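Here is what each chain is made of, one letter per residue.
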Amino acid sequence: MGRLSVESDERPSDEALRDDRQRPDGPTPDQADADQADPAPRSGAADADADTVRSEPVESESLTESEKRLLVGLAGAVLVVLLIIVAVNVFSGGDDGDGDAAAPPDTPVTESGPAADAFGEGGGIVDTPTAMAPTSDAVVDSFERDALGGGPLRWSILSEGDWDVAPGTMTVAGVPETAAPLAVAEVPEDLEGDWTFSVTINSPATGMGLVWGVEDAQNYWELRANLDYAALVINHVKDGAPQQVKIIGPAGLSPGQRLSVQREGDTVTLASNEEPFFSLKDPSLADARTVGVVANSGSGVSYGAAAISKVDGSG
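A brief look at the structure comes next. Predicted model, so just to flag it, every value in this text is computed and none were measured.

Criteria and cut-off values
- Residues numbered from 1 in each chain as written.
- Predicted model: local features only at pLDDT ≥ 70, side-chain atom pairs only at ≥ 80, totals over all residues.
- Heavy atoms only, no water.
- Patch = residues over 30% accessible without salt bridge, like charges linked within 9 Å, V, L, I, M, F, W, Y side chains within 5 Å.
- Areas by Shrake-Rupley, 256 points an atom, 1.4 Å probe, with all protein chains shown as cover.
- Salt bridge = Lys/Arg side-chain N within 4 Å of Asp/Glu carboxyl O.
- Lys, Arg positive; Asp, Glu negative; His and termini not counted.
- Charge placed at Lys NZ, Arg CZ, Asp CG, Glu CD.
- Helix = DSSP H or I, 4+ residues; strand = E, 2+ residues; numbered from the N terminus.
- Buried < 20%, exposed > 50% of the residue type's maximum accessible area, 1.4 Å probe, protein only.
- Contact = heavy atoms within 4.5 Å.
- Phe/Tyr/Trp six-rings, centres within 6.5 Å; stacked < 30°, edge-to-face > 60°.

### Quick look at a negative patch on the surface
Okay, step 1: Taken together, the side chains of Asp 137, Glu 189, Asp 190, Glu 192 and Asp 312 present a region of like negative charge at the surface.
Okay, step 2: Counting through the fold element by element, Asp 137 comes out in strand β3 (residues 135–141).
Okay, step 3: Classification of Asp 137 by relative accessible area gives exposed; the value is 52%.

This is the structure we're talking about:
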């Protein structure tokens, strides 16, 4: 084996070797003190980041998914209540409003309850039958004349406003815009006993509907639509003041739909396309034989052929 060569011929002394072996690893105490007193400099960016972290407030925790769903549900419930309140106001003496209504008979009923003065003694809301009573001997009016008055159903107009007729249709007049004229027919004398009145909707709009048990322009029962709020409202109008019986919704009216009101004794049943959806009874209806339609002037409402028929087995 060769010998290890060195750069210098000088050898360290034995004393120097002893000093090297006794010197500990790492910095000396003096060096450590110096490092601690004068740490390595930090960049300006690092200092800025640190200041930013110290100055930013701690953000609160965000809402959980269940809390968000709860808030959305509460907002929806409030909206539904507001819509019902507006519908009650529109058809219980408040602003008539404008809009449209399509009413399947199986739509849910809003339990708003009748007004205290809506019914006479022994009257009230009753169970709705599953089917309308069969009828016969229908007297049909197709409006094949120049004016509504008269005809096979002996029509007349109550309150301010007017109706126009053309073959197959009757349309509410455009003026005055604030009117809501009733067009009423008389049950023919040869149709004794109970009866059914039916009419087709050609052009629906808010404010249109049926009237029955009509005594005069200030006293009658009505079914009226508010299509803006998807509601049908049943009132007993007494001395010109609507007494609410029921709000039905969501519901509405649509072109081609046929509405009917059937009276049996002191009980009336309302139907859409021959499907019953509401019934009530009142002593004032026992002898009722005046029935018809209503609409807001200028709304463009029109109805198709109307008919009154006899309930089989009555009279």
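### Examining the pattern of salt bridges
Okay, step 1: This model, assessed by the stated rule, comprises 3 salt bridges.
Okay, step 2: A salt bridge links Asp 141 to Arg 145; its shortest N-O distance comes to 2.8 Å.
Okay, step 3: We classify Asp 141 as buried; its relative accessible area is 2%.
Okay, step 4: In this structure, the salt-bridge partner of Asp 194 is Arg 263, at a minimum N-O distance of 3.0 Å. Residue Asp 194 is located in the loop between β7 (182–186) and β8 (195–203), and its partner Arg 263 is located in strand β13 (residues 258–264); the two are separated by 69 residues in the primary sequence. Each member of the pair Asp 194 and Arg 263 is classed as buried.

### Here's the deal with unusual backbone geometry
Okay, step 1: Geometrically, the link from Val 175 to Pro 176 is a cis peptide bond, its omega value of -10° lying close to zero.
Okay, step 2: On the secondary structure map, Pro 176 appears in the loop between β6 (169–172) and β7.
Okay, step 3: A cis amide bond, omega 0°, links Gly 249 with the succeeding residue Pro 250.
Okay, step 4: With respect to the helices and strands, the residue Pro 250 is situated in the loop between β12 (241–248) and β13.
Okay, step 5: Residue Asp 137 is not a glycine yet carries a positive backbone phi of 60°.
Okay, step 6: For Phe 143, which is not a glycine, the phi torsion comes out positive at approximately 60°.
Okay, step 7: Its location among the elements puts Phe 143 in the loop between β3 and β4 (156–158).

### Let's talk about the environment of Val 268
Okay, step 1: Relative to the helices and strands, Val 268 is located in strand β14 (residues 267–272).
Okay, step 2: Once the C-alpha coordinates of Val 268 and Ile 125 are considered, the two residues, 143 residues apart in sequence, prove to be 9.8 Å apart.
Okay, step 3: Beyond its immediate stretch of four places on either side in the chain, Val 268 contacts Trp 212, Val 261, Gln 262, Arg 263, Phe 278, Ser 279, Leu 280 and Leu 285.

### A look at the packing of aromatic side chains
Okay, step 1: On inspection of all chains with the given rule, the structure shows 4 aromatic pairs.
Okay, step 2: The interplanar angle of 45° and the centroid separation of 5.7 Å between the aromatic rings of Phe 119 and Trp 221 together place this pair among those described as tilted. Linking Phe 119 in the loop between β1 (109–110) and β2 (124–126) with Trp 221 in strand β10 (residues 219–226), this pair joins segments that are 102 residues apart in sequence.
Okay, step 3: Between Trp 155 and Phe 197, the aromatic rings sit 6.4 Å apart at their centres with planes inclined by 70°, giving edge-to-face as the arrangement. Taken as a pair, Trp 155 in the loop between β3 and β4 and Phe 197 in strand β8 lie far apart in primary sequence, 42 residues in all.
Okay, step 4: By the ring-pair criterion, three or more aromatic residues cluster together here, those being Phe 143, Trp 155 and Phe 197.

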